[in-house]
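Chains, contacts and geometry: an overview
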Amino acid sequence: MNKPAGSPEEFDAVVVGAGFSGLYMLYRLRQLGLSVKAFDSADDVGGTWYWNRYPGARCDIPTTDYTYSFDPELEKVWTWSEKYATQPEILDYLRFVADRYGLRADIEFSTSVTSARWDEQEKRWSIATDRGTQLRCRYYIMASGCLSMPKSLDIKGTDRFAGKVYFTSGWPHEDVDFTGQRVAVIGTGSSGIQSIPLIARQASQLTVFQRTPNFSVPAHNGPAPADRLAWLARDREEYRDAARWSRGGMPVELTDVLGVTASETVARERFEDAWKQGQLFAILGVFADQGVNPASNMIVGDMIREKIRSVVHDPQTADALCPKDHYFGTKRPCLDSGYFETYNLPHVRLVDLHKQPIMSITEDGIDTADESFGFDAIVYATGFDAMTGALAAVNATGRDGLALTEKWAAGPSTYLGLMTTGFPNFFMITGPGSPSVLSNMAVSIEQHVDWVADCLRDMGAEGFETIEPTPVAEAGWDQHVRDCGAITLHPTANSWYMGANVPGKPRVFLPYIGGVDAYRQACDDVVAQDYLGFRRTGPGGERCHDGVIRRMQPDVSLVLQVMATMGLPPMETLSADDARAMMALAAAARPPSPEVGEVTDGVMPGPAGDLPYRLYRPATAGPHPVVVYFHGGGWVLGDLDSDDPLCRDLCVRSDTVIVSVNYRHAPEARFPAAAEDAYAALRWTAAHAGELGGIPGQIAVAGWSAGGNIAAVACQLARDAGGPPVSGQLLLTPVTDSDMTRPSYDENGDGYVLTTPLMHWFWDYYADPADRGDPRAAPLRGNLEGLPPACIVTADFDPLRDDGLAYADALEAAGTQVRRVRARGHTHTSVTMVGVVISGAPVRAEIAEALRDFFPSRTSLGNPLE
Ligand code: N01
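Note that this is a predicted model, so its numbers are computed, not measured.

**Notes on the overall build of the protein chain**
Helices and strands together make up the secondary structure of the protein chain, namely 26 helices and 29 strands. In summary, the protein chain has a C-alpha radius of gyration of 31 Å against a globular reference of 29 Å for 866 residues, a match within 12%. Summarising its shape, the C-alpha atoms of the protein chain cover approximately 90 × 75 × 55 Å along the three principal directions. Here the protein chain holds 866 residues, and the buried ones make up 59% of them. Look at the contacts in the protein chain between residues 6 or more apart in sequence, and 73% of them connect residues 24 or more apart. Accessible area of the protein chain: about 33,400 Å², with a carbon and sulfur share of 51%. The average position of the 75 basic charges and that of the 110 acidic charges among the side chains of the protein chain differ by 3 Å.

Structure representation (structure tokens):
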């Protein structure tokens, strides 16, 4: 490369790191014909596997999968010796790869990048290293690893100790022999759990200082799994493809068995089978719901605790080793070889730091609150500043002098975990917001490297020089990452996934938990939509198709996917009776609903005969305000059972009596039967509030969908016909008009359960065209003066969204107080799916708060179900 004398050397790309990701990145960039320089602070390739050479270090994803797949020839010439390879073997593999593709020539070892600054004028990154090198590059790629920056020691007196000190994250290259020594190990994460059994074999005395016990399952190491080897031999490409499109980056069969509904026998069988496999994805997938449902998770957690107790002889030690402060899987579980058995050895002792915390490291050992220990060596297995530590360490400064550390002061923010706004041409391999540490890293790394390389190829082909995500796209992805994390149990744990292991680090769930498959699809979709959410610039101008790649709540989209696989006929092709039967079948398959104080069924008089009702009374002391509730179902479907879970949920959360009324349905009873029944039910309930356990005079109406329609109508009728006074109206994704031309019908009329054809079907059954403008069918067209305060819930993916918004606008214009609740990322039906769609819970909590606010004399309960 030619350069004027004295000016910094120029490269197309600089890569930081020469581990799994850096090596492959280098390989792909070279293939594109780009000039590349890679840096690594180590004196050889290997990354994680260069540094973490402590005794017992192994991968914990089977070697059939923890391997590069980009070159079938490479897979032919390299054979792994066992299921979980040791660190030396993995390091040999990476050296072999580096040599095979001649990668070392472009790597500068024993060199760290100390700063990187974006030059907006030149459209280049200026890079400086600790060897005083200055260079410039167009693309700056961080392949620096997720667990490569050791956590700073936060224990008093660490510099006082006169004996030998070791860190699992930076183990010496020469042999370490603990024979005859008194050794302390601090930390019981994967590194501690892998090294403790081997250190115990040599040490004369081993003391393990444990702050938090960890879940660990036996690795059952040995030959690589025969079924995987057979599949690879049969069709390697098929296997690799299955891995790329799997949830965790490794093909495993997913179950639909729920822990909460499984029999004890099934639960035990599934657990024991996973235990035997000795694979993380097996034990993490005993039940479909163990990552999101505390009760289901507890079943697995209890069985693991039972196993620990069955292995460890001393009951006190066994108890101390049983994790109790976090759900299984919310901290990274470990695979071990003889870890718990080690505590049965007479020279091994566990010190529970919760009982006797470390006061200080001393000259000759460790002082806890209760004892002084003498040691010859201390091993720190205290973990990493995960996922952001290594990225922060290179001091990147983007446009307008913005430092990455400053931008991420409250937690990282990325688009797809690949790039971050304000830092053009700055790429991260497995950055925060990508599946990375929750997946088989080998697969995730290859996917990221391929995406970046393909992106640079496309930019070159289209004449672009810079690429950067837009603020809209990045905020949207961050939200999606948070939404995915929020429905899991992860946020409850003090894990390094949450940044909780590093004092002062913002508490944010760092990886993307939507799955390797879903993530790959999102990345592919971004490209297919002309790099949606990226701004690309070049001499010919700029191009940007701005937008958000995933707006739907993850569990809502999962429900839609499951429904799509069921091949159900469109409801509007069925008769009313067949549609009702289909609804009843679906209702029978729902998980248990929340318990309430009391549920009773009764009948009340209606204009054309008795109306069945179901009354839900809270467990708290009454009397309570009363809410008359009308179920959804397009005036045709639904009954007391269909909305039972929602009524229970509302009852508990709002601490009100719910009276759910089964009004007459079309086509048997057409307009205005349902509306008349609703008003009659309101009057009767108001007149009998005291007998129902309610507070006379404190009555509201509520309804979902068509139920929202008749609830709104009932309020108008009550105003016009002399009462009763209504304290509030809760309209949950209501039908407020018969006009189906609003934009939400165009946007959401297909694919989100409630469709435009289905709305036509409902209207056709319910009302003649001539009646559809009647305010009792289309309350939006009525007189909106003097109506009770309203809470109107609208969902983003609902054809009726604009019906709700139009009613909210119109009520406000008429002087009514309106609380708008937006069910972000939800469909017409998903908020009501209690116990199925977890992301609906916060919306229902807000709705319940609105209900309580209709009755200001009641005290606030908080969110009893949260
Ligand atoms: O680190 P960790 P790790 N006083 O953070 C304790 C991967 N990995 O190096 O939980 C006392 O898990 C800390 O206690 P607490 C894998 O993803 C993979 O073991 O914070 N104790 C904890 O027990 C793994 O999850 C393999 O209360 C202190 C331990 O130190 C990740 O790397 C092998 C302390 C740290 O555990 C990190 O694992 C190894 C203090 N001041 C690692 N500070 C494979 O098998 C911390 N601790 C592939």
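**Remarks on the nonpolar core**
Note on soluble globular proteins: their nonpolar side chains tend to be buried together. Counting residues in each nonpolar core, the largest one holds 124 residues, and the members touching the most others are F20, Y68, L206, I304 and L416. Here the element with the most residues in this core is helix α15 (residues 441-462); it accounts for 10 residues. Not counting residues up to four positions away in its chain, the partners in contact with L416 are G433, S434, H448, W477, Y519, A522, C523, V526 and F534. By size, the runner-up hydrophobic cluster in this structure holds 65 residues, among which are A579, A666, L682 and Y766.

**Here's the deal with helix α7 (residues 236-244)**
Buried within α7 are the following residues: R236, Y239, R240, A243 and R244. Taken down its axis, α7 places every buried residue within 140 degrees of arc, on the same side. Where α7 is buried, its residues touch α3 (72-77), α6 (226-234), α15 and α17 (516-528).

**Observations regarding the sheet that holds strand β19 (residues 466-469)**
Strand order across the open sheet formed by three strands is β19-β20-β21, with antiparallel pairing between neighbours. The open sheet is flanked by β19 and β21 (541-544), the only strands paired with a single partner. Across the sheet, the mean angle separating the axes of adjacent strands is 15 degrees when strand polarity is ignored. Sheet topology places strand β20 (residues 534-538) next to β21; four bridges connect them, and they run antiparallel. Bridging across to β21, R536 finds its partner in R543.

**Description of the sheet that holds strand β24 (residues 624-630)**
Whether parallel or antiparallel, the strands of a sheet pair through hydrogen bonds between backbone atoms. In spatial order, the strands read β22-β23-β25-β24-β26-β27-β28-β29; together these eight strands make up an open sheet with mixed pairing. Each having just a single partner strand, β22 (598-606) and β29 (818-827) make up the two edges of the open sheet. On average, each strand axis in the sheet is tilted by 20 degrees relative to the strand beside it, whichever way the strands run. In this structure, strand β28 (residues 790-797) lies alongside β29, joined through seven bridges in parallel fashion. Bridge pairing links I792 to R820 in β29. Against the sheet, helix α25 (residues 801-813) engages β27 (728-732), β28 and β29, with an angle of about 150 degrees to β28.

**Digging into the confidence of the model for the protein chain**
Taken residue by residue, the protein chain gives an average pLDDT of 96. The fraction at 70 or more is 98%. Contacts for the low-pLDDT stretch residues 859-866, under 50 throughout, to residues beyond four places or in other chains number 17 contacts.

**Digging into the site of the ligand**
Around the ligand, the surrounding shell holds 25 residues, and the nearest of these are K151, D154, S191, T212 and K331. Q194 places a side-chain nitrogen or oxygen 2.8 Å from an oxygen atom of the ligand. Alone, the ligand offers 910 Å² of accessible surface; in the complex the protein occludes 89% of this. In terms of residues, the shell around the ligand owes the most to one element, helix α5 (residues 190-202), which gives three residues. Residues that form the shell around the ligand fall into these classes: nine nonpolar, nine polar and seven charged.

**Things to note about the packing of aromatic side chains**
Note on aromatic pairs: each is described by the distance of the centres and the angle between the planes. Applying the stated rule across the entire model yields 53 aromatic pairs. Note on F20 and Y68: the rings are 4.9 Å apart at their centroids and 55 degrees apart in plane angle, and the pair reads as tilted. Here Y68 lies in the loop between α2 (48-51) and α3 and F20 lies in helix α1 (residues 20-31), a separation of 48 residues in the sequence. A single burial state applies to F20 and to Y68, both of which are buried. An angle of 65 degrees between the planes, with centres 4.9 Å apart, marks the rings of Y339 and F340 as edge-to-face. By the burial criterion, Y339 is buried, and F340 matches it.

**What to know about the pairing of strand β14 (residues 365-368)**
Bridge analysis of strand β13 (residues 358-361) against β14 gives three bridges, and the strand direction is antiparallel. Along β14, the bridge assignment pairs I361 with I366. Counting the residues between successive antiparallel strands, the hairpin from β13 to β14 contains three residues. Here β14 runs beside strand β15 (residues 372-374); their pairing, made up of three bridges, is antiparallel. Bridge pairing in β15 links G365 to G374. The antiparallel hairpin formed by β14 and β15 contains three residues in its connecting segment.

The rules behind these values
- Residues numbered from 1 in each chain as written.
- Predicted model: local features only at pLDDT ≥ 70, side-chain atom pairs only at ≥ 80, totals over all residues.
- Heavy atoms only, no water.
- Helix = DSSP H or I, 4+ residues; strand = E, 2+ residues; numbered from the N terminus.
- Rg over C-alpha atoms; globule rule 2.2 N^0.38 Å.
- Buried < 20%, exposed > 50% of the residue type's maximum accessible area, 1.4 Å probe, protein only.
- Contact = heavy atoms within 4.5 Å.
- Areas by Shrake-Rupley, 256 points an atom, 1.4 Å probe, with all protein chains shown as cover.
- Lys, Arg positive; Asp, Glu negative; His and termini not counted.
- Charge placed at Lys NZ, Arg CZ, Asp CG, Glu CD.
- Core = buried A, V, L, I, M, F, W, Y, C linked by side-chain atoms within 4.5 Å.
- Arc of directions from axis to C-beta.
- Pairing = 2+ DSSP bridges.
- Axes fitted to C-alpha atoms, helices over the stretch in contact; angles between N-to-C directions.
- pLDDT = per-residue confidence, 0-100.
- Near = heavy atom within 4 Å.
- Polar contact = N/O pair within 3.5 Å; in protein donor to acceptor, adjacent residues only side chain to side chain.
- Nonpolar A, V, L, I, M, F, W, Y, C, P; charged D, E, K, R; others polar.
- Phe/Tyr/Trp six-rings, centres within 6.5 Å; stacked < 30°, edge-to-face > 60°.

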